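# Coordinate analysis (summary)
Below, each chain spelled out in residue letters.
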Amino acid sequence: MMDYRKTDLEHLWHPYTDILAFERQNFPVIQTAEGIRLRDTDGKEYLDGISSWWCVNLGHNHPHIVKSIVQQTHRLQHSITGGMSHTGVIRLSKMLSDIAPAGLNRVYYASDGSSAVEAAVRMAVQYWWNLGLPEKNNIISLEGAYHGDTLGAVGLGFLPKFHKPIQHVVNRSVQAPSPHCFHCPYADNCSLQCFSGMEELLRENADTTAAVIVEPVCQGAAGIRIYPPEYVAKLRRLCTELNILLVADEIAVGFGRAGAMFASNLAKTQPDLMVVGKSLTGGYLPMSAVLATDEVYDSFRRDNGRDRTFYHGHTFSGNPVAAAAAIATLEVFETEDILEHSRVPAELMKDAFVEFGGIPGVHRSTALGCMSALEISEQAGSADTAAAVAANALKMGLFIRPLGPVVYLWPPLVTGKSDMEEMLGIFGHCLKHSLKDAMC
Ligand SMILES: Cc1ncc(COP(=O)(O)O)c(C=O)c1O
């Protein structure tokens, strides 16, 4: 029988993991999962408080998704989408176009969020080149943005803690101030004063800007910075006025997370390009996509002999097994009315985080849809205390991962009332105890 923990430490390189701290820890080795629970090799169960990196929105081992994957593996495992097509990816593209914000009628597939973001940015830049405006080639993003870890995506986001060592090889985009509500001087009197920085930047650089990319309503990796949908609506209007494309990175917030199918729906906006990933396949297989308007797509047609082809693609683009998982996921959204169901955990979390926000040592708390977060104040030990909350929660059977001083819950949308109460009970207990220890 393999000693999994020992063999892991000998051979595995874990992403976003402090090696020393990890080696000292009796980390769980997960073997199976069901619903919102992960089970390790010792038989211990953990509530999945972050939907396994924000993607298992429908819970683990959903029978319909699993069955669809299994059936598809017997039919067609892989087939190229360059210059050819297959039935699954055609069905999926129609389904995605039908549920996406109006106008997003064309679907391009990639393998993970970062690669889809890069594709979207290339589409935006080439769109203007196709139209004979090659000088419109800059991308504007938000401070604190996170759009992935490939070099191009890092250039759009850039979080110093993560990306400082590679700063010299990254082509950084111009960034507008973040709508950072936790540290906003106008928090109680918000009329989107934070938008003025974005507006100024766009007006000054309209002639050279291809697109603005944002994570609508929540800058996730920066620390679950939830911000008003009206910001996105304003941005849409300004982009239209200034002839700049709007790219919505819905990799984290898409597929029901923010309380609507897409966060862009909350803002009642239609981006020119929308990027999805993570929960597209229920989080079961890697697949991402860029949805584009016909206007963007049509600009890539050969024009009077001028080649405007999109020379960009990935081997596993539109993989049939991943496509089957995605089709099944979208079917479950409809047949089980997941959006309606998600209101149960969302309401419970919202109320609980209002209460947590009043605990001494908590700077502020926030909630939207099925995401909720709070920031631990400097006096209460910031990131160290946040790490203590997570470590204590793990011992009590709840898996969470803080982002610096921010601790948050991002549970599967299908979390039921009693499971959510259990999760909040452990979270609240660990929060109170860790804060008490830090402040005494
Ligand atoms: C908003 C956003 N964009 C892009 C990415 C990158 O996706 P991936 O990790 O699949 O490359 C993430 C990942 O967390 C994300 O949250």
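Position labels on residues start from 1 in each chain and follow its written sequence. Residues qualify for local features only when their pLDDT is at least 70, as the model is predicted, and side-chain atom pairs are given and counted only at 80 or more; totals for whole chains, interfaces and linings, by contrast, use all residues. Based on all heavy atoms of the structure, the side-chain values leave hydrogens and waters out of the count.

Right, let's get into the packing of helix 5 (residues 87-99) against helix 13 (residues 320-335). The axes are straight lines fitted to the C-alpha atoms, using for helices just the contacting stretch, and the angles between their N-to-C directions are given from 0 to 180°. Runs of E in the DSSP output that reach at least two residues are strands. Runs of H or I that reach at least four are helices, and both are numbered from the N terminus. Across the interface, helix 5 lies against helix 13 with an axial gap of 9 Å and an inter-helix angle of 35 degrees. Of the two elements, helix 5 crosses helix 13, and the hand of that crossing is left-handed. Of the residues in helix 13, those in contact with Gly88, Val89, Arg91, Leu92, Met95, Leu96 and Ile99 of helix 5 are Ala323, Ala326, Ile327, Leu330 and Glu331. Only Asp, Glu, Lys and Arg are considered charged, only Ala, Val, Leu, Ile, Met, Phe, Trp, Tyr, Cys and Pro nonpolar, and every remaining residue, Gly among them, polar. Counted by class, the contact of helix 5 with helix 13 contains 9 nonpolar, 1 polar and 2 charged residues. By the definition used in this description, the sense in which the near helix is turned from the far one sets the handedness, with an anticlockwise turn below a right angle giving left-handed and a clockwise turn giving right-handed. Here a residue-residue contact requires only that any non-hydrogen atoms of the pair lie within 4.5 Å.

What follows deals with the environment of His314. Along the polypeptide, His314 turns up in the loop between helix 12 (294-298) and helix 13. It is 9.5 Å that separates the C-alpha atoms of His314 and Ile80, two residues lying 234 residues apart in sequence. Non-local contacts of His314, meaning those with residues more than four positions away in its chain, are made with Ala110, Ser111 and Ser115.

Here a strand pair is declared whenever DSSP counts at least two bridges between the two strands. Examined bridge by bridge, strand 13 (residues 362-368) and strand 14 (residues 371-376) share 6 bridges and lie antiparallel to one another. Across the sheet, Ser365 pairs through a bridge with Leu374, a residue of strand 14. Count of turn residues in the strand 13/strand 14 antiparallel hairpin: 2 residues, of which Gly369 carries a positive phi of about 55 degrees.

On to the environment of Asn57, then. Along the chain, Asn57 turns up in the loop between helix 3 (51-54) and helix 4 (63-75). Under the scheme applied here, a residue whose accessible area is under 20% of the maximum for its type counts as buried, over 50% as exposed, and between as partly exposed, the area being computed with a 1.4 Å probe on protein chains only. Owing to a relative accessible area of 0%, Asn57 belongs among the buried residues under this scheme. Leave out the neighbours within four places in its chain, and Asn57 touches Ser51, Gly254, Phe255, Arg257, Ser279, Gly282, Pro412, Leu413 and Val414. A polar contact of 2.7 Å, which involves the side chain of Asn57, links it to the side chain of Arg257. Whenever a nitrogen or oxygen atom comes within 3.5 Å of another N or O atom, the pair is scored as a polar contact, on the condition that within protein one atom can donate a hydrogen and the other can accept it, and that pairs from neighbouring residues in sequence are kept only if both atoms are in side chains.

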